[in-house]
Amino acid sequence: MTRILLIGQDGQVGQELQKTLAPLGEVMSVGRSQLDLSAPEQIQRLIQQVTPRLIVNAAAYTAVDKAESEPALAHAVNAVAPEQMAKSAQALGAALIHISTDYVFDGSQSSPYLETDPTHPLGVYGESKLAGETAVQQVHAAYPDLQYAILRTAWVYGAGGKGNFAKTMLRVGAERPELRVVSDQIGTPTSASEIARAIAALAEQFLQPTRPENLSGLYHFTNSGAASWYDFAVAIIEEARALDWPLAVQQITPITTAEYPTPTRRPAYSVLSNQKIQTILQAPPPQWRQSLRQVIRELYSQKS
Ligand SMILES: NC(=O)c1ccc[n+]([C@@H]2O[C@H](COP(=O)([O-])OP(=O)(O)OC[C@H]3O[C@@H](n4cnc5c(N)ncnc54)[C@H](OP(=O)(O)O)[C@@H]3O)[C@@H](O)[C@H]2O)c1
């Protein structure tokens, strides 16, 4: 049976991938306790032991603000580790699917970013993720037989994983009468389960007996549509209210980025175009609001 190695099983996307990859083969999943990505020699050893046909990397250093004070660790996990994965995959003839971020862009555009648009990260996290992309692409340039896909996504949330914007809004919305949320950063809230579905569609292509041509490369994938963090917060509270979720919040106030300073600058606009990946997906990604409704229902059923 086809063996798939899933790295990062406990993250938001990793948890969803356990479900979507299962029908495609024998999935061996590892989390931080089995594989520490800051120790590159462990990566090669594990991949050689498992001998997968496909490696999916859903692990990353994702603490965007903390990365400013831990640049070496962010670089090790987000750049050196994927490079090792690509080299080990190539040596085995395995394919690699790796995930990256909208934070490789500086947000100066006002129309959806294409895969060919120039990158310019604003902080250490974005820089480290871009270095990871470049490292995988360089392994492919040296060994074109390496099959790989890098999926850039954005504003990830889901029912699993440790925490995300939706869970935070529900928590503070249950405690406080007013929420103040940034309204001048625009992106696309994207559910972890939709990302896991898109990755399974790519994985299916890579696992075809006859190797698909020209599939390797960079892909953008998010839910459809666009929103500000303020719009997202309003929608989260509306969807929760519709389920009679107990909430204290009476008012959500839009604020500017300048009113909510963070250690890292974030792009003002980071909507990604889904145009390229449409050819691989069977249907266009659902509107972000539709996926949000499903996730809030899932969180509600976990709660009760
Ligand atoms: N979250 C977002 O808004 C967002 C936006 C754009 C792109 N992305 C990208 O999407 C992918 C999935 O993100 P996510 O939101 O699912 O992330 P997540 O929930 O933060 O999960 C990341 C996983 O990586 C693991 N990890 C971190 N450092 C590690 C290390 N040194 N060794 C082994 N495992 C380690 C974490 O382990 P622990 O559970 O032990 O910490 C966690 O399980 C990542 O590539 C991320 O960069 C995320």
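For the structure, check the block above.
Structure report, in brief. (Residues numbered from 1 in each chain as written. Predicted model: local features only at pLDDT ≥ 70, side-chain atom pairs only at ≥ 80, totals over all residues. Heavy atoms only, no water.)

Regarding the overall build of the chain
Of regular secondary structure, the chain possesses eight helices and twelve strands. Taken over C-alpha atoms, the radius of gyration comes to 19 Å for the chain, in line with the 19 Å a tight globule of 304 residues would show. Each principal axis of the C-alpha atoms in the chain carries an extent, and together these give about 55 × 40 × 35 Å. Of all 304 residues assigned to the chain, the portion counted as buried reaches 54%. The contacts in the chain between residues at least 6 apart in sequence include a share of 80% that link residues at least 24 apart. Separation of charge centres in the chain, based on 24 positive and 28 negative side chains, amounts to 5 Å. (Helix = DSSP H or I, 4+ residues; strand = E, 2+ residues; numbered from the N terminus. Rg over C-alpha atoms; globule rule 2.2 N^0.38 Å. Buried < 20%, exposed > 50% of the residue type's maximum accessible area, 1.4 Å probe, protein only. Contact = heavy atoms within 4.5 Å. Lys, Arg positive; Asp, Glu negative; His and termini not counted. Charge placed at Lys NZ, Arg CZ, Asp CG, Glu CD.)

Points about empty space enclosed by the protein
Overall, the coordinates contain two cavities of 30 Å³ or more when judged by the stated rule. Estimates place the volume of the largest cavity at around 40 Å³. If you trace the largest cavity, you find it lined by Arg53, Gly93, Ala94, Ala95, Gln147, Phe206, Leu207 and Arg211. By residue class, the composition of the lining of the largest cavity is four nonpolar, two polar and two charged. Empty space within the second largest cavity amounts to approximately 30 Å³. (1 Å grid on protein atoms, 1.4 Å probe; cavity = no way out; pocket = protein on both sides within 12 Å on 5 of 7 lines; lining within 4 Å. Points joined across faces, edges and corners; volume = space filled by probe spheres on them. Nonpolar A, V, L, I, M, F, W, Y, C, P; charged D, E, K, R; others polar.)

Here we look at helix H7 (residues 229-242)
Helix length check: H7 (14 residues) gives 20 Å between terminal C-alpha atoms against 20 Å at 1.5 Å per residue, within 8%. Structurally, H7 contributes buried residues whose contacts are with strand S6 (156-157), helix H5 (165-175), strand S7 (178-182), strand S11 (227-228), strand S12 (251-255) and helix H8 (288-303). Phi for Asp244, located one or two positions after H7, is positive at around 65 degrees. (Expected span 1.5 Å × (residues − 1).)

Points about the pairing of strand S1 (residues 3-7)
Among the five residues of S1, four are classified as buried, and the element is accordingly described as predominantly covered. Summarising the sheet, S1 and strand S2 (residues 26-30) pair through five bridges and their orientation is parallel. Bridge pairing in S2 places Arg3 opposite Glu26. Tracing the backbone out of S1, into helix H1 (residues 12-21) and back to the parallel element S2 gives a crossover that is right-handed. Of the pairings in the sheet, the one linking S1 to strand S3 (residues 54-57) comprises four bridges and is parallel in character. For Ile4, the partnering residue across the bridge sits in S3 and is Leu54. (Pairing = 2+ DSSP bridges. Right-handed = clockwise from strand over helix to strand, strands pointing away.)

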